[in-house]
Amino acid sequence: MGQVNLFEKHMRKLSLFKGNREALYPDYLPDSLPHREKEIDRLAEILVTALEGNKPSNVLIFGKTGTGKTAVVRYVGRELKRAEKVYAKKKIEYIYLNCETVDTPYSILQNLGNYFIEDWDEKIPFTGWPMDKVFSTVKERIDEWNGIVVLVLDEIDKLVAKSGDDILYQLLLLDSEMKNSRLSVIGISNELKFTDLLDPRVKSRLGQEKLIFSPYNAFQLQDILSERVKIAVKDDAVSDEVISICAAIAAQEHGDARRAIDLLRISIEIAEREGAEKVTDRHVYLAKNKIEMDCITEAIKTLPLHSKIVLLGIALNEEAGNNTLTTGELYHIYSTLSKRIGASPLTQRRVSDLISDMDMLGLISTKVKSFGRYGRTKIIELALPVQEVKKIIFEDEFLAELNEVKLASQKKLFF
Ligand SMILES: Nc1ncnc2c1ncn2[C@@H]1O[C@H](COP(=O)(O)OP(=O)(O)OP(=O)(O)O)[C@@H](O)[C@H]1O
């Protein structure tokens, strides 16, 4: 027998994807966006002004996550740049910034300005300049360039929540103070209500045009998935039935196209790993489970320390084989564990809040159960298997020393 290479067992026996696996990743921008024709057309109608050499109206786009806001804006931007070559009376720059990463007034202006500064020595540094110097440099450079700038601020609500609306006011001012160039802003937000946080003048000037994207229904998601499947997956590997299950699941969960696409891709990957020739509904349910588990794992990792201690208390109780746990007992376990790592325990009331928060996040479930004349008590259970939960909790260096702690059936802690 020849020596088996480490990678051989991991090699896919059968790939269900055609060459273009990227078509099932969220960043892929397809050539058409089914069920967003109206929104695309409306945005093009607004932005055509840029081709005529004038400033388009500012636009605010609202819609829940995965409703195609970013995809539509990127799509229209791509088309605008194509049209620029043929029709534009002035130069056009279409700039996309995501305010989740570019999240301060300084960095917005710095990123914007540096598009118009070619010489590396003259670029605006990441930090250090006074704001008025950044503002005047950006204004000067864009004005010298002499064209129309369309600035997309994705997740603009996060920017405003973090830094207020001053930067939006500055961008509007920048536009009004330039002589040769113009600047339009397209803001994208998941939150309809974020404009309540804006100064009325900023609000009315920024929201000259508003577009609202509604969630997709199951039929629309089917069309979106079918298009992607044609590009990315081998013929017959994914049936219409599988597509409709993925679409139905994602439609139930807020009509999110990203969720539908992820679900389908993970189903295909699971089928591939099994060596299956086709994706079946079983693969879709396994994928659904995997995504839910991954979400829970991620949520546990990012919990504050004291919530993790409470969660560990619940895990130890389950591990000891106890099938009930009252909030009072849990508080006792929690306090002991906290003291053990040198943290002062929170009040019982705060801990009750932490338990409710974790219940809401779906990390635990709490049920009130009646025990006849013994009264009622709360049963607290984990959403993931105990060992999984413990593994994630002990990744936290502050809690690693509790690794050996066990709970006896009488809910007494043993170290
Ligand atoms: N109509 C559509 N046709 C094809 N793909 C789509 C369509 N709508 C959305 N998608 C795809 O779904 C994924 C999510 O879409 P997108 O990022 O545009 O959503 P979003 O509304 O900007 O969400 P978020 O607010 O979370 O950023 C992307 O991969 C996108 O290409």
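Residues numbered from 1 in each chain as written. Predicted model: local features only at pLDDT ≥ 70, side-chain atom pairs only at ≥ 80, totals over all residues.

For the protein, the name recorded in an unreviewed UniProt entry is ORC1-type DNA replication protein, with Aciduliprofundum boonei as its organism. Under Sequence similarities (unreviewed entry), UniProt gives the following word-for-word description of the protein: "Belongs to the CDC6/cdc18 family." Entered under Function (unreviewed entry) in the UniProt record, the comment concerning the protein runs "Involved in regulation of DNA replication." (UniProt positions renumbered as here; feature names shortened; annotations may be inferred.)

**A few points about the packing of helix 12 (residues 305-319) against helix 14 (residues 348-360)**
Relative placement of two packed helices is described by the angle separating their axes and the distance separating the axes. Interhelical geometry of helix 12 versus helix 14 gives an angle of 80° and a closest axis separation of 10 Å. As summarised for this structure, helix 12 and helix 14 are arranged roughly perpendicular, according to the angle between their axes. Contacts from His 306, Ser 307, Val 310 and Leu 311 of helix 12 reach helix 14 at Val 351, Leu 354, Ile 355 and Met 358. When the residues that make up the contact of helix 12 with helix 14 are grouped by side-chain class, the tally is six nonpolar, two polar and no charged. (Axes fitted to C-alpha atoms, helices over the stretch in contact; angles between N-to-C directions. Helix = DSSP H or I, 4+ residues; strand = E, 2+ residues; numbered from the N terminus. Parallel < 35°, antiparallel > 145°, perpendicular 65-115°, else oblique. Contact = placed C-beta atoms within 7 Å. Nonpolar A, V, L, I, M, F, W, Y, C, P; charged D, E, K, R; others polar.)

**Side note on the sheet that holds strand 4 (residues 182-189)**
With respect to topology, five strands assemble into an open sheet ordered 2-3-4-1-5, the strand pairing being parallel. Across the chains shown, the open sheet's two edge strands, defined by having one partner strand only, are strand 2 (91-98) and strand 5 (209-213). Recorded for the sheet is a direction-independent mean angle of 15° between the axes of neighbouring strands. Relative to strand 5, strand 1 (residues 59-63) runs parallel, the two being bridged by five bridges. Across the sheet, Leu 60 pairs through a bridge with Lys 210, a residue of strand 5. (Pairing = 2+ DSSP bridges.)

**Here we look at the UniProt feature "binding site: ATP" (unreviewed entry) in the protein**
The UniProt feature table records "binding site: ATP" (unreviewed entry) at Thr 67, Gly 68, Lys 69, Thr 70, Ala 71, Tyr 216 and Arg 228. With respect to the element layout, Thr 67 can be found in the loop between strand 1 and helix 2 (69-87). Residue classification places Thr 67 among the buried residues on the basis of 25 C-beta atoms within 10 Å. Those residues in contact with Thr 67 that sit more than four places away from it in its chain are Phe 213, Ser 214, Pro 215, Tyr 216 and Gly 255. Following the sequence through the fold, Tyr 216 ends up in the loop between strand 5 and helix 8 (218-232). Ignoring anything within four residues of it in the chain, the contact list for Tyr 216 reads His 35, Thr 67, Leu 221, Ile 224, Ala 251, Gly 255 and Ala 257. (Buried ≥ 20, exposed ≤ 12 C-beta atoms within 10 Å, placed from the backbone.)

**Comments concerning helix 13 (residues 327-340)**
With 14 residues, helix 13 should reach 20 Å at 1.5 Å per residue; the first-to-last C-alpha distance of 20 Å fits that figure. Listed in full, the buried residues belonging to helix 13 are Leu 330, Tyr 331, Ile 333, Tyr 334 and Leu 337. One side of helix 13 carries all its buried residues, which in axial view fall inside an arc of 165°. Exposed side of helix 13, more than 90 degrees from the buried face: Gly 328 and Lys 339 are the residues found there. Where helix 13 terminates, the next one or two residues include Gly 342, which has phi positive at roughly 80°. (Expected span 1.5 Å × (residues − 1). Arc of directions from axis to C-beta.)

**What about the site of the ligand?**
Lining the immediate surroundings of the ligand are 19 residues, of which Thr 65, Gly 68, Thr 70, Ala 71 and Ala 257 lie closest. Elements that contribute at least two residues to the shell around the ligand include exactly helix 2 and helix 10 (257-274). Here the shell around the ligand is built from residues that sort into eight nonpolar, eight polar and three charged. Of the residues that make up the shell around the ligand, three or more belong to each of domain 1 (12-22 + 216-299) and domain 2 (36-213). (Near = placed C-beta within 6 Å. Domains from an automatic or database assignment.)

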